[in-house]
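# Descriptive structure summary
Chain by chain, the residues:
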Amino acid sequence: MLSRRNFIQKSVLAGVGLYTAPKSLLTNLNEQIVMTVKGPIRPRDMQFTLTHEHVLADFIGAEKYSRDRYKVDEVYARALPFLQDVKNKGCVTFIDCSPAYLGRDVQLLKRLADSTKLHIITNTGYYGAVNERFLPKHVYTESARQLADRWIAEWTDGVEGTGIKPGFIKTSVDQAPLTVAQRKIIEAAALTHLATGLTIAVHTDNGEAANEQLRILADNGVAPSARIWVHAQKEQNMAFHIDAAKRKSWVSYDGVNPRSIKDDVTFLQRMKANGLLNQVLVSQDSGWYNVGEPNGGNYRDYLTIFTLLIPSLKRNGFSSRDIHTLFVENPANAFSIQVRKL
Ligand SMILES: [Zn+2]
């Protein structure tokens, strides 16, 4: 039997519960989030998404990297019409994959998001490929845990004091076997994932390197579904792609350009025939203002998927449903923020 005091307390709590439960359920359980440079959105608000593009890149290397090397107003003016064009084609979310020390400028991205109304997503993490020339020195003296703590702090507090948060982890490695530093940043990515739920996109040069990443993630208790195999098209042996996708890793064909359409369609047909289209991402690795070249050099547009790839897919038996899976559903699933444990 309830005492009167207990009864009152429970009634009050029940009353509060009844009143607040639907709201808290909505924000905590029903809806995961995706993090843009302007704050969180719901995964379903991403809609048509380009998952791997660039606005700005500077290949000078971590040693000499500096924001003084470019005029941000010039970059903004150069990039803006390209982003407006792709927005007009139906792109709603644009994921910028330039990492720290290679062209990540989150305030520039925020400004472009404000102007274009695109959802723009940026990243945390370091780029270990190209013989580690884009890795800052502290990678060699700090542990994976210390590197992860730097990246987790960007998630918690924002990047470089801006309050702008990353929406995923971007790292990269060369071909297998990975170097000590490359293994360390993959481990740091795993630790960051466990603390934040941010998905890990790894620029990868071959299938063996992709597998080595999954072993490092597994050693740290992270599931393959937390990993995007970026540049999977660099590995011509599709047995690697199929195996990774069967293990629920994301496989990203992200080099779409006017000369790659035939190969892209072949990759996608094979994945479709294997029932694996729901593990695939497609993007262009296009753009960007290249620091050091006059007015950023040859900026490639973001339109090929719209003007060439999708029409070609339709001619090759891909349904509107398939296109929706590739460009709407899969990006929403891949970039929704959740810890994916083994
Ligand atoms: Zn890229």
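By the naming in an unreviewed UniProt entry, the protein chain goes by Phosphotriesterase and is assigned to Spirosoma arboris. UniProt's Sequence similarities (unreviewed entry) comment on the protein chain is quoted here verbatim: "Belongs to the metallo-dependent hydrolases superfamily. Phosphotriesterase family."

### Points about the coordination of the zinc ion
Protein ligation of the zinc ion involves His52 (NE2), His54 (NE2) and Asp285 (OD), the donor distances falling in the range 2.1 to 2.3 Å. Here the donor residues for the zinc ion map to a single chain with the spacing H-x1-H-x230-D. Note on His52: relative accessible area 2%, which makes it buried. Classification of His54 as buried rests on a relative accessible area of 9%.

### Quick word on the pairing of strand β10 (residues 227–230)
Neither face of β10 is exposed, since Arg227 and Trp229 on one face and Ile228 and Val230 on the opposite face are all buried. Note that strand β9 (residues 200–203) and β10 share 4 bridges and pair parallel. In the sheet register, His203 faces β10, and the bridge partner there is Val230. Relative to strand β11 (residues 250–253), β10 is paired through 2 bridges, and the arrangement is parallel. Bridged to Ile228 within β11 is Trp250. Remark: the β10/helix α8 (residues 238–246)/β11 crossover connection has right-handed handedness.

About the criteria used
Residues numbered from 1 in each chain as written. Predicted model: local features only at pLDDT ≥ 70, side-chain atom pairs only at ≥ 80, totals over all residues. Heavy atoms only, no water. UniProt positions renumbered as here; feature names shortened; annotations may be inferred. Donors = N, O, S within 2.8 Å, 3.2 Å for Na, K, Ca; no water. Buried < 20%, exposed > 50% of the residue type's maximum accessible area, 1.4 Å probe, protein only. Helix = DSSP H or I, 4+ residues; strand = E, 2+ residues; numbered from the N terminus. Pairing = 2+ DSSP bridges. Right-handed = clockwise from strand over helix to strand, strands pointing away.

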